[in-house]
Amino acid sequence: MEAECVVVDNRSTDDTKGVVAGFATHSAVPTRYVYEDGAGSSCARNRAIKEAHGDYILFIDDDAVAEPDWAAEMLAEIERRQLDVACGMVLPRWSREPPRWLGPSLYVRLAVHDRARMALASLAERETMHNYFSANVGFRRRTFEKFGNFRQDLGVVGSNPMSGEDTELFSRITARGGAMGFAQCARVHHIIPPERMRRSYLRRKTYAFGYGSAIAGGRTHNHLDKLARNVLRMIFALARGDSEGAVYHELECANFFGYWRGRLDMKLRSRRKG
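Reading the values: rules and limits
- Residues numbered from 1 in each chain as written.
- Predicted model: local features only at pLDDT ≥ 70, side-chain atom pairs only at ≥ 80, totals over all residues.
- Heavy atoms only, no water.
- Helix = DSSP H or I, 4+ residues; strand = E, 2+ residues; numbered from the N terminus.
- Rg over C-alpha atoms; globule rule 2.2 N^0.38 Å.
- Buried < 20%, exposed > 50% of the residue type's maximum accessible area, 1.4 Å probe, protein only.
- Contact = heavy atoms within 4.5 Å.
- Lys, Arg positive; Asp, Glu negative; His and termini not counted.
- Charge placed at Lys NZ, Arg CZ, Asp CG, Glu CD.
- Phe/Tyr/Trp six-rings, centres within 6.5 Å; stacked < 30°, edge-to-face > 60°.
- Lys NZ or Arg CZ within 6 Å of the ring centre and 35° of its normal.
- Salt bridge = Lys/Arg side-chain N within 4 Å of Asp/Glu carboxyl O.
- Pairing = 2+ DSSP bridges.
- Axes fitted to C-alpha atoms, helices over the stretch in contact; angles between N-to-C directions.
- Parallel < 35°, antiparallel > 145°, perpendicular 65-115°, else oblique.
- Left-handed = near helix turned anticlockwise from the far one by under 90°.
- Polar contact = N/O pair within 3.5 Å; in protein donor to acceptor, adjacent residues only side chain to side chain.

Peer 1: It is not clear to me how the overall build of the chain should be interpreted in this structure. Could you clarify?
Peer 2: Counting secondary structure elements, the chain contains 10 helices and seven strands. Taken over C-alpha atoms, the radius of gyration comes to 19 Å for the chain, in line with the 19 Å a tight globule of 274 residues would show. In the chain, which comprises 274 residues, the proportion classed as buried is 44%. The contacts in the chain between residues at least 6 apart in sequence include a share of 77% that link residues at least 24 apart. Measuring between centres, the 41 positive side-chain charges of the chain sit 8 Å from its 34 negative side-chain charges.

This is the structure we're talking about:
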């Protein structure tokens, strides 16, 4: 099986082009550099889909490091189970010791998995939407032809962390009968810098995810009872000294407010058009 590496430069301001050129001179895999002027992660991924030549398209992020057998394990799982799309394990690589409050219940906010929990999880527990991250995902090319690409009105753009483009695509695929699964042996390591280990970063990211889920549409759990429940649980967690639990419920509140801000903005845009 032939392979290629396509690096999409999405408006970088560093020496990405030079780094890729240097890597390509000694890489065992043919490597191509592509510049994409359209801002945002969805534009970058959709450009990669267009540029790639193969029947399978695998994605990792620029801050993820793949294990040596990553691609082989991903392809094997897709073929073995005849999947349209598979997501693999994303393990955190901490750039420094994380703060005490940043425990496993918050890992999903960083789009990483807890290795210990995943090792004990059943297949049904692993194969849920909150375990699927686009920092480690493989598709058949025909999946995009059948279900469409990433929505470009969603996804991270510059310093705006609004996400949800991957969740929206995964939900669209499964809702229309596509086969999706978890490839536990296909592993990448996601570098977590110090600035992402701050509550302010996680609040902003979680708020933005809520905003993105409003733009994406569909069912939501962001109702007033959720807000009241999480405010109370945050207070109780603080009272018993559970800093991780307190932050967890704080972020659930941020998600709520982000969602309803998104709904409000959509309504205002609709009125302007009308």
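Having seen the structure, we can now continue with the description.
Peer 1: Teacher, can you tell me more about the packing of aromatic side chains here?
Peer 2: The geometry of an aromatic ring pair is captured by the separation of the ring centres together with the interplanar angle, meaning the angle of the planes. On inspection of all chains with the given rule, the structure shows 11 aromatic pairs. For the pair Phe59 and Phe150, a centre-to-centre distance of 6.0 Å together with 85° between the ring planes defines the contact as edge-to-face. Highlighted residues: Phe59 in strand β3 (residues 56–60) and Phe150 in the loop between α6 (141–147) and α7 (165–175), separated in sequence by 91 residues. When the ring centre of Phe150 is taken as origin, the NZ or CZ atom of Arg45, which lies over that ring, is 5.4 Å away.

Peer 1: Explain the side chain of Asp114 here, please?
Peer 2: Inspection of the secondary structure puts Asp114 in the loop between β5 (85–94) and α4 (115–120). Buried within the structure, Asp114 lacks any salt-bridge partner; its nearest side chain of opposite charge belongs to Arg117, at an N-O separation of 5.0 Å. When sequence neighbours within four positions are dropped, the list of residues in contact with Asp114 reads Pro104 and Tyr107.

Peer 1: Even after reading the chapter, I still don't get the sheet that holds β5, so can you show me in this structure?
Peer 2: To summarise the sheet geometry, strands pair through backbone hydrogen bonds and adopt either a parallel or an antiparallel arrangement. Read across the sheet, five strands follow the order β3-β6-β5-β7-β4 without closing on themselves; strand pairing throughout is mixed. Sheet topology places β3 and β4 (64–66) at the edges, where each strand pairs with a single neighbour. Averaged over neighbouring strand pairs, the angle between their axes works out to 30° when direction is ignored. Two strands pair when backbone bridges link them, and β5 and strand β6 (residues 136–140) are joined in this way by three bridges, in the antiparallel orientation. If you follow Val85 over to β6, its bridge partner there is Phe139. Running at roughly 160° to strand β7 (residues 180–192), helix α3 (residues 70–81) makes contact with β3, β4, β5, β6 and β7 of the sheet. Contacts from α7 reach β5, β6 and β7 within the one sheet, and its direction differs from that of β6 by about 40°.

Peer 1: It is not clear to me how the pattern of salt bridges should be interpreted in this structure. Could you clarify?
Peer 2: Should the charged atoms of two oppositely charged side chains come close, the side chains can pair. One pass over the structure, following the stated rule, counts 22 salt bridges. A salt bridge links Glu77 to Arg81; its shortest N-O distance comes to 3.3 Å. With a gap of four residues between them, Glu77 and Arg81 both fall in helix α3, about one helical turn apart. Its relative accessible area of 14% is what places Glu77 among the buried residues. On the basis of relative accessible area, Arg81 is assigned to the partly exposed category, the value being 26%. Here Glu168 makes a salt bridge to Arg172, at a shortest N to O gap of 2.6 Å. On the criterion of helical spacing, the pair formed by Glu168 and Arg172 is a turn pair, its members being four residues apart in helix α7.

Peer 1: When you look at the packing of helix α9 (residues 224–239) against helix α10 (residues 243–273) in this model, what are you seeing that I'm missing?
Peer 2: Helix packing for two helices is described by the angle between their axes and how far apart those axes are. Their axes nearest at 8 Å, the elements α9 and α10 cross at an angle of 155°. With respect to α10, the axis of α9 lies roughly antiparallel. By crossing handedness, the relation of α9 to α10 is classed as left-handed. Contacts between α9 and α10 pair Leu224, Lys226, Leu227, Asn230, Val231, Arg233, Met234, Ala237 and Leu238 from the former with Gly245, Ala246, His249, Glu250, Glu252, Cys253, Asn255, Phe256 and Phe257 from the latter.

Peer 1: In this structure, what is going on with the side chain of Asn46? I would like to understand it.
Peer 2: Mapped onto the elements, Asn46 comes out in helix α2 (residues 41–51). Looking at Asn46, the relative accessible area reads 10%, which means it is buried. At 3.0 Å, the side chain of Asn46 and the side chain of Gln152 are in polar contact. Not counting the four nearest positions on each side in its chain, Asn46 is found in contact with Asn149, Phe150 and Gln152.

Peer 1: What is the right way to look at the pairing of β7 in this model?
Peer 2: Taken residue by residue, a regular strand's side chains alternate between the two faces of the sheet. The pairing of β4 with β7 spans three bridges and is antiparallel. Pairing of Ala66 across the sheet is with Val188, part of β7. Judged from the 10 bridges that link them, β5 and β7 form a sheet pairing that is parallel. Following the sheet pairing, Leu91 is matched in β7 by His189.

Peer 1: What am I meant to see in unusual backbone geometry here?
Peer 2: Residues other than glycine predominantly adopt negative phi, and peptide bonds predominantly adopt the trans conformation. Residue Gln82 is not a glycine yet carries a positive backbone phi of 55°. Counting through the fold element by element, Gln82 comes out in the loop between α3 and β5. The exposure class assigned to Gln82 is partly exposed, which follows from its relative accessible area of 48%. Unusually for a residue other than glycine, Ala111 sits at a positive phi of about 60°. With respect to the secondary-structure elements, Ala111 resides in the loop between β5 and α4.

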